[in-house]
Amino acid sequence: MSKSMVSTIPEKNHVEAEHESVNDRYRELKLLDESKAGVKGLVDAGLSKVPRIFIHDQKQHEPSSTSSLDTNLSIPIIDFGALFADTSINSRCEIIEKVKYASEKWGFFQVVNHGIPTSILDDMLDGVCRFHEQEAEIKKEVYSRDITKRVYYNTNFDLYVTPAVNWRDTLSFVMAPQPPDPEELPAICRDITINYSNYVKKLGEILFELLSEALGLNASYLKDIDCAEGLFLIAHYYPPCPEPELTFGTSAHSDSSFLTVLLQDQVGGLQVFHENQWVDVTPIPGALVINLGDMMQLITNDKFLSVNHRVLAQKNSPRVSVACFFRQHLPPENSRLYGPISELLTQENPPVYKETSIKDLVKYYYGKGLNGSSALEHFRL
């Protein structure tokens, strides 16, 4: 046997083994998908070990990458109470300055006294729980990977492209500008989803006004260019995980939206990447978490930040959250082109992004999955 033949045999075996591994992984993904029972179905079946498709690169779980080095770091908390109770220009200006600071330095902040009753927040979280904790056969009726639907449930939108699957299931709704027929929404959470969405849309208008003014623009600027037009609501359920140190509830990512309004329960686990470390976003009863998305960073030409965040898996109890993305999701409204706002550009601050549509950004975002890299780099000049 020649030396060249001997040297190629191990290489061939390695290729075959790799091919076999890819096939095994695909079969496991397909089994999970076709069960239509999601991650919760695995937990309900008595799973005691995390399947390999959920195991993430363990470097992401090293102590330095899982918690803040500075325990005094926390995202800004902004009280919106004065916007509803006080007509003072000074009060509004103070809030705008706080929003500006948070948007430029963190890309994240929490809001209290935001105008949405605590009872509505609690009812929304309860509604999400009811949906995800009902019989699997009922949930299967809305299970789909067709993202052109206005209502669908699945596990991991990027199931077949992500490096490792995340420990969560999701119910999704396109609530604006063209809301679904109410009969399309699951009866178990229909009324509260419609009610909560209406409240969030009103809060969104306030947030876009404050952000416009924080940019030195007319208060209606961002609303006038349709940043508040679309609302895509996703209701996450993170089942208890037998080995949370091996996986993530949601791996590191930034959002594709202009703006995201997040309602989270009191379980915790959300972290934001700030100054080269992960910072816990400690739940505050009655508060909402606001973060800016990739489209906001694009149109502000990097003035406002869209930053990576993630959710740690939890061992002892499920976690529930509701993220409302302000962005168009379906045609025809998702075809509008957006580029850096001309009023923010100067010779010293030329555009750093090319124009794109929500449609193209989301297509690229969904195609790459939650792999930790920013979709914005694809659109940078």
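Scroll up for the structure.
Quick summary incoming for the structure in this document. (Residues numbered from 1 in each chain as written. Predicted model: local features only at pLDDT ≥ 70, side-chain atom pairs only at ≥ 80, totals over all residues. Heavy atoms only, no water.)

Read across the sheet, eight strands follow the order S1-S2-S10-S7-S12-S5-S4-S3 without closing on themselves; strand pairing throughout is mixed. Both outer strands of the open sheet, strand S1 (77-79) and strand S3 (151-154), are each paired with one neighbouring strand and no more. Across the sheet, the axes of successive neighbouring strands diverge by a mean angle of 25°, strand direction being ignored. Of the strand pairs in this sheet, S3 and strand S4 (residues 169-176) are connected by four bridges, and their pairing is antiparallel. What sits directly across from tyrosine 152, in S4, is serine 172. Sheet strands touched by helix H6 (residues 118-133): S3, S4, strand S5 (231-238), strand S7 (259-264), strand S10 (288-292) and strand S12 (319-326). Its angle to S5, the strand with the most contacts, is close to 65°. (Pairing = 2+ DSSP bridges. Helix = DSSP H or I, 4+ residues; strand = E, 2+ residues; numbered from the N terminus. Axes fitted to C-alpha atoms, helices over the stretch in contact; angles between N-to-C directions. Contact = heavy atoms within 4.5 Å.)

Take serine 321: it is sitting in strand S12. Sequence-distant contacts of serine 321, that is, excluding residues within four places in its chain, are made with Leu125, Ile234, Ala235, His236, Tyr238, Leu262, Leu263 and Gln264.

If you trace the backbone, leucine 263 turns up in strand S7. What leucine 263 contacts, discounting residues up to four positions off in sequence, is Leu121, Met124, Leu125, Tyr196, Leu288, Val320, Ser321 and Val322.

Turning our eyes to something else, we now look at the packing of helix H5 (residues 89-105) against helix H8 (residues 190-214). Viewed as axis vectors pointing N to C, H5 and H8 meet at an angle of 80°, and their least axial separation amounts to 9 Å. The angle between the axes of H5 and H8 places the two elements in the roughly perpendicular class. Mapping the contact onto sequence places Arg92, Ile95, Ile96, Val99, Lys100 and Ser103 in H5 and Glu209, Leu210, Leu211, Glu213 and Ala214 in H8. Its residues placed into classes, the contact of H5 with H8 shows six nonpolar, one polar and four charged. (Parallel < 35°, antiparallel > 145°, perpendicular 65-115°, else oblique. Nonpolar A, V, L, I, M, F, W, Y, C, P; charged D, E, K, R; others polar.)

Before going further, it helps to examine the pattern of salt bridges. For side chains of opposite charge, pairing can occur when their charged atoms come near one another. Under the defined criterion, the tally for this structure stands at 15 salt bridges. Among the salt bridges present, the one from arginine 27 reaches aspartate 24, with a minimum N-O distance of 2.2 Å. Residue arginine 27 and its partner aspartate 24 are both found in helix H1 (residues 3-35); the two are separated by three residues, about one turn of the helix. Ionic contacts of the salt-bridge type, sharing partners, join the residues Asp24, Arg27, Glu28 and Arg52 into one network. (Salt bridge = Lys/Arg side-chain N within 4 Å of Asp/Glu carboxyl O.)

Below, the discussion takes up the packing of aromatic side chains. The relation between two aromatic rings is expressed through the spacing of the ring centres and the mutual angle of the planes. Taken as a whole and judged by the stated rule, the model has twelve aromatic pairs. Taking the centre distance of 5.6 Å and the plane angle of 85° together, the rings of phenylalanine 208 and phenylalanine 326 count as edge-to-face. Of this pair, phenylalanine 208 sits in helix H8 while phenylalanine 326 sits in strand S12, placing them 118 residues apart in sequence. Exposure remark for phenylalanine 208: the relative accessible area of 1% places this residue in the buried category. Here the aromatic rings of tyrosine 364 and phenylalanine 379 are separated by 6.0 Å at their centres, their planes lie at 85°, and the arrangement is edge-to-face. A residue pair is termed long-range when its members are at least 10 positions apart, and tyrosine 364 in helix H11 (residues 358-368) and phenylalanine 379 in the segment after H11 qualify at 15 residues. (Phe/Tyr/Trp six-rings, centres within 6.5 Å; stacked < 30°, edge-to-face > 60°. Buried < 20%, exposed > 50% of the residue type's maximum accessible area, 1.4 Å probe, protein only.)

Bringing the pairing of S12 into the picture now. With eight of eight residues buried, S12 lies mostly within the body of the structure. A two-sided burial pattern is seen for S12, the buried positions comprising Arg319, Ser321, Ala323 and Phe325 on one face and Val320, Val322, Cys324 and Phe326 on the other. The pairing of S5 with S12 spans seven bridges and is classified as antiparallel. Bridging across to S12, isoleucine 234 finds its partner in alanine 323. One ladder, built from six bridges, connects S7 with S12; its direction is antiparallel. Within S12, the residue paired with valine 261 across the bridge is cysteine 324.

As a further point, take unusual backbone geometry. Cis geometry marks the peptide bond from alanine 176 to proline 177; its omega dihedral reads 5°. Structurally, the position occupied by proline 177 is in the loop between S4 and H8. Backbone torsion omega between proline 331 and proline 332 reads 5°, so that peptide bond is classified as cis. As for its position among the elements, proline 332 is in the loop between S12 and strand S13 (337-338).

Counting buried positions along S5 gives eight out of eight residues, so the element sits mostly inside the fold. Residues Leu231, Leu233, Ala235 and Tyr237 line one face of S5 and the alternating positions Phe232, Ile234, His236 and Tyr238 line the opposite face, and both faces are buried. Two strands pair when backbone bridges link them, and S4 and S5 are joined in this way by seven bridges, in the antiparallel orientation. Along S5, the bridge assignment pairs alanine 176 with leucine 231.

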